[in-house]
Amino acid sequence: MAKRMLDCVASDFAHFTKEDFRSSIAGSEDRVITCECIGTTMPLLGDLTNAELASSMGADIILLNMFDVNKPVINGLPEARPKDTIHKLKQLTGRMIGINLEPVEDDMPSTNDNTMWAMSEGRKATLANAIAAYDMGVNMLLLTGNPGNGISNKAISNSLRTIGSQMKDKLILAAGKMHGGGLLSEGGEKIITKDDVKEFVQAGADIILLPAPGTVPGITMEYIRELVIYAHSLGALTITSIGTSQEGADTATIRQIALMCKMTGTDIHHLGDTGYPGVAIPENIMAYSIVIRGVRHTYHRMASSINR
């Protein structure tokens, strides 16, 4: 079994396999923080990437949203060849890196034309894009949807099967929804059900993404706890996600959400990318971390050098 992620440093992550990452997360017993970042927005600190900022506040895993494998852009990153973008980000953060891919259906309407959320070919959940991500150094794929892109759970399952057919042994595959994604038919408790969890696991998901209690109408701690228990019974890990801009709420609210997520028994805690556009409010990352693992482990992650 790999060293638990709580105790890992950059040199550990540098040689971890997929199974090492998976056992490292599981061994941390509900104390792993994932922060979502958008590389195409202006970095909050100007000349430093949002990923570096999130890492400095206690994130264990960086999840890139809006990342196009064909045209990779991370503003604030020192100049690098496109194919070296992820490797460079790993050098600067010393973290595990994941990206979102979206299982877009051709006949599904989108409300995102001419907005920053508009889809591009390099962000779609295809096998070709999964292979390209792996070749760039990505450790995890999350199959999910941004607001307005109309991503259905059926489409997520179909993409999981296609990608998992060749990449199951190479990449951690996560799947689920943190909000309705623009589909009224999959709102509230219909965002994800036990049937969806079973379908995702059977389709190849290692980790199930669930909305954090209190972040989506109708989503309670008790409901998510049932889904976490069920996912664990099927051998999958879980992520509870703040994906409704509440990563930009006041710190007291963040602490409430963190404690509810802790009570669900989830393995990974996720903060979204729009506290400020592109990253969660930095002090909320630290506050969340302190709730679920105390100052000892929070400061250890914050202080650990990338040269260790």
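Structure's up top.
All of these numbers come straight from a predicted model, not from anything done at the bench. (Residues numbered from 1 in each chain as written. Predicted model: local features only at pLDDT ≥ 70, side-chain atom pairs only at ≥ 80, totals over all residues. Heavy atoms only, no water.)

## Observations concerning helix H5 (residues 127–136)
Our working rule: To sort residues, take the accessible area from a 1.4 Å probe on protein chains only and compare it with the maximum for the residue type: under 20% means buried, over 50% means exposed, and anything in between is partly exposed. By the criteria applied, helices consist of DSSP H or I runs no shorter than four residues and strands consist of E runs no shorter than two, each listed in order from the N terminus. By definition, residues are in contact when any of their heavy atoms lie within 4.5 Å.
Every buried residue belonging to H5 is among Leu127, Asn129, Ala130, Ala133 and Met136, and all of these are buried. Residues of H5 that are buried in the fold lie against helix H4 (85–93), strand E3 (96–101), strand E4 (140–143) and helix H6 (153–167). Downstream of H5 by a residue or two, Gly137 has a phi angle that is positive, lying close to 110°.

## Focus on the environment of Gly272
Mapped onto the secondary structure, Gly272 falls in the loop between strand E8 (268–271) and helix H10 (282–303). Given the relative accessible area of 1%, Gly272 is considered buried. Put simply, Gly272 and Gln246 are 26 residues apart on the chain and 8.1 Å apart in space, counted from C-alpha to C-alpha. The contacts of Gly272, once residues within four sequence positions are left out, are Glu36, Ile242, Glu247, Val279 and Ala280.

## Looking at the sheet that holds strand E7 (residues 237–242)
Here is the rule we go by: A pair of strands is treated as paired once DSSP finds two or more bridges between them. Inter-axis angles, ranging from 0 to 180 degrees, are taken between N-to-C directions of lines fitted to C-alpha atoms, where helices are fitted over the stretch in contact.
Judged by pairing direction, the barrel is parallel, and its eight strands sit side by side in the order E1-E2-E3-E4-E5-E6-E7-E8 before closing back on the first. Within this sheet the neighbouring strands show an average axis-to-axis angle of 25°, counted without direction. Looking at chain direction, strand E1 (residues 32–38) and E8 are connected through four bridges and run parallel. By the bridge assignment for E8, Ile33 is matched with His269. Along the sheet, H10 contacts E1, E7 and E8; its crossing angle with E1, the most-contacted strand, is approximately 165°.

## Observations regarding the pattern of salt bridges
Pairs can form between side chains of opposite charge whenever their charged atoms are close. Test applied: We define a salt bridge as a side-chain nitrogen of Lys or Arg found within 4 Å of a carboxyl oxygen belonging to Asp or Glu.
Within the structure shown, the criterion is met by twelve salt bridges. Residues Lys18 and Asp206 are paired through a salt bridge, measuring 2.9 Å at the closest nitrogen-oxygen approach. In this pair, Lys18 is assigned in helix H2 (residues 18–26) and Asp206 in the loop between helix H7 (194–203) and strand E6 (207–211), connecting sequence segments 188 residues apart. On the accessibility criterion, Asp206 (6% relative accessible area) is buried. Here Glu102 makes a salt bridge to Arg123, at a shortest N to O gap of 2.7 Å. On the criterion of sequence distance, the pair formed by Glu102 in the loop between E3 and H5 and Arg123 in the loop between E3 and H5 is long-range, its members being 21 residues apart. There is no split in this pair, since Glu102 and Arg123 are both buried. Here the salt bridges share partners, and the residues they tie into one network are Lys18, Lys168 and Asp206.

## Observations regarding the side chain of Glu36
Selection criterion: Residues scored as charged are limited to Lys and Arg (positive) and Asp and Glu (negative), so that His and the chain ends carry no count. Pairing of N or O atoms within 3.5 Å defines a polar contact, subject to two protein rules: one partner must be a possible hydrogen donor and the other a possible acceptor, and residues neighboring in sequence count only if both atoms are side-chain atoms.
Relative to the assigned elements, Glu36 resides in strand E1. Although Glu36 is buried, it makes no salt bridge; Arg123 carries the closest opposite charge, 9.5 Å away. A polar side-chain atom of Glu36 sits 2.7 Å from a polar atom in the side chain of His270. Aside from chain neighbours lying at most four places away, what touches Glu36 is Leu63, Asn65, Asn100, Met178, His270, Leu271, Gly272, Asp273, Gly278 and Val279.

Read these as geometric descriptors, not functional statements.
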